[in-house]
Amino acid sequence: MSLQNFWRIPVATALLALLAACAHPIGISPLETPVRNETGLNPKKVAYVMTDADRGKEVITAGGGGDKVSYFPYRDLEKSIRDALRAVYADVFVVKSASDREAIAAFGVSYVFSPSITTNTDSPSLFTWPPTKFGIDLTCEVSDAEGKAVATVKAQGNGTAEFAEFKSDFGLAGRRAATQLAEQLKQQVQANATLR
């Protein structure tokens, strides 16, 4: 092996390691959210908990080709949560804590939804970094205006995208998952007799 070739291997390895360590940013906001039908809404007012710290939580998961992707699930999925609740209830507010009695009383809120989000990504591709599979699990602990736990609502969203589709939208699998999540959250809330 020549001296020139001897140095190419470690340099190429170091370059690949550096590229693999980078996380590519993507967005996972929903493509669409549930339609709000004004005539069929529950007249109650509800709130969901979301803080600036929640919105600033960055998550890094696997992409394709050994790369990673980064995104902000609470920030990007807030629209999914808000619009799902707006498709069920007359009015929806955001509060910074489920124990913020002053805001809850001022808004006249009946229920407070406290979301917890987990995500997973995958891609079998060796050549492209965007994830082709994206999963979202949402659990909302629901309390009443006095802070008493009344229900737990769970929803999931799963999305897939192939290379030909995500050339101009690298987070497409996640955006599809967010769309499915919003619809399932609406259905789960509507189906829960305690939350009527």
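Up top is the structure these notes are about.
Each value, and the rule that gives it
- Residues numbered from 1 in each chain as written.
- Predicted model: local features only at pLDDT ≥ 70, side-chain atom pairs only at ≥ 80, totals over all residues.
- Heavy atoms only, no water.
- Pairing = 2+ DSSP bridges.
- Helix = DSSP H or I, 4+ residues; strand = E, 2+ residues; numbered from the N terminus.
- Axes fitted to C-alpha atoms, helices over the stretch in contact; angles between N-to-C directions.
- Contact = heavy atoms within 4.5 Å.
- Expected span 1.5 Å × (residues − 1).
- Bend = angle between axes of the 7 residues up to and from the residue.
- Buried < 20%, exposed > 50% of the residue type's maximum accessible area, 1.4 Å probe, protein only.
- Parallel < 35°, antiparallel > 145°, perpendicular 65-115°, else oblique.
- Left-handed = near helix turned anticlockwise from the far one by under 90°.
- Nonpolar A, V, L, I, M, F, W, Y, C, P; charged D, E, K, R; others polar.
- Polar contact = N/O pair within 3.5 Å; in protein donor to acceptor, adjacent residues only side chain to side chain.
- Core = buried A, V, L, I, M, F, W, Y, C linked by side-chain atoms within 4.5 Å.

(A) Structural detail: the sheet that holds strand β7 (residues 133-144). Strand order in this open sheet of five strands is β5-β2-β6-β7-β8, and the pairing throughout is mixed. Two strands in the sheet have a free side with no partner beyond their single neighbour: β5 (89-95) and β8 (149-160). Within this sheet the neighbouring strands show an average axis-to-axis angle of 25°, counted without direction. In terms of strand pairing, strand β2 (residues 42-49) meets β5 through six bridges, oriented parallel. Looking at β5, one finds that Asn 42 is bridged to Tyr 89. Seen against the sheet, helix α3 (residues 73-86) touches β2, β5, β6 (111-122) and β7 and runs at an angle of roughly 130° to β6. On the sheet, helix α6 (residues 172-191) packs against β5, β6, β7 and β8 and is oriented at approximately 150° with respect to β8.

(B) Geometry of α3. Its 14 residues give α3 an end-to-end C-alpha distance of 20 Å, which sits within 8% of 20 Å, the value for a rise of 1.5 Å per residue. The sharpest bend along α3 reaches about 25° and sits at Lys 79. Among all positions in α3, only Pro 73, Tyr 74, Asp 76, Leu 77, Glu 78, Ser 80, Ile 81, Asp 83, Ala 84 and Leu 85 are buried.

(C) Examining the pairing of strand β4 (residues 68-71) more closely. For strand β1 (residues 23-25) and β4, the ladder comprises three bridges, and the chain directions are parallel. Across the sheet, residue His 24 finds its bridge partner in β4, namely Val 69. Where strand β3 (residues 59-62) meets β4, four bridges bridge the pair, whose relative direction is antiparallel. Looking at the pairing, Val 59 lines up with Tyr 71 of β4. Where β3 folds back on β4, the antiparallel hairpin that results is connected by five residues, among which Gly 65 adopts a positive phi of roughly 60°.

(D) Highlighting the packing of α3 against α6. Close contact between α3 and α6 brings their axes to 8 Å; oriented N to C, the two are set at 30°. What the angle tells us is that α3 and α6 run roughly parallel. For the element pair α3 and α6, the recorded crossing hand is right-handed. For the pair formed by α3 and α6, the contact residues are Leu 77, Ser 80, Ile 81, Ala 84 and Leu 85 on the first element and Ala 178, Leu 181, Ala 182, Leu 185, Lys 186 and Val 189 on the second. Looking at the contact of α3 with α6, its residues break down into nine nonpolar, one polar and one charged.

(E) Structural detail: the environment of Glu 141. Its place among the elements puts Glu 141 in strand β7. Look at Glu 141 and you get partly exposed, because its relative accessible area is 42%. In this structure the C-alpha to C-alpha distance between Glu 141 and Ser 116, which are 25 residues apart in sequence, comes to 8.2 Å. In contact with Glu 141, not counting residues within four places along its chain, are Val 112, Phe 113, Ser 114, Ala 151 and Thr 152. Looking at Glu 141, its side chain comes within polar contact range of the side chain of Thr 152, at 2.7 Å.

(F) Here's a closer look at the sheet that holds β1. Strand order across the open sheet formed by three strands is β1-β4-β3, with mixed pairing between neighbours. The outermost strands of the open sheet, each flanked by one partner alone, are β1 and β3. On average, each strand axis in the sheet is tilted by 35° relative to the strand beside it, whichever way the strands run.

(G) Main features of the side chain of Ser 143. With respect to the helices, strands and loops of the structure, Ser 143 is situated in strand β7. In contact with Ser 143, other than residues within four places in its own chain, are Ala 98, Ser 110, Tyr 111, Val 112, Lys 148, Ala 149 and Val 150.

(H) Spotlight on the nonpolar core. Ranked by internal contacts, the top residues of the largest apolar core, which has 37 residues, are Leu 85, Tyr 89, Phe 113, Val 189 and Leu 195. For this core, the secondary-structure elements that each account for two or more residues are β2, β4, α3, β5, β6, β7, β8 and α6. Sorting elements by how many residues they give to this core places α6 first, with seven residues. Sequence-distant contacts of Leu 195, defined by excluding residues within four places in its chain, comprise Asn 42, Tyr 89, Tyr 111, Phe 113, Val 142, Val 150, Ala 151, Val 153 and Val 189.

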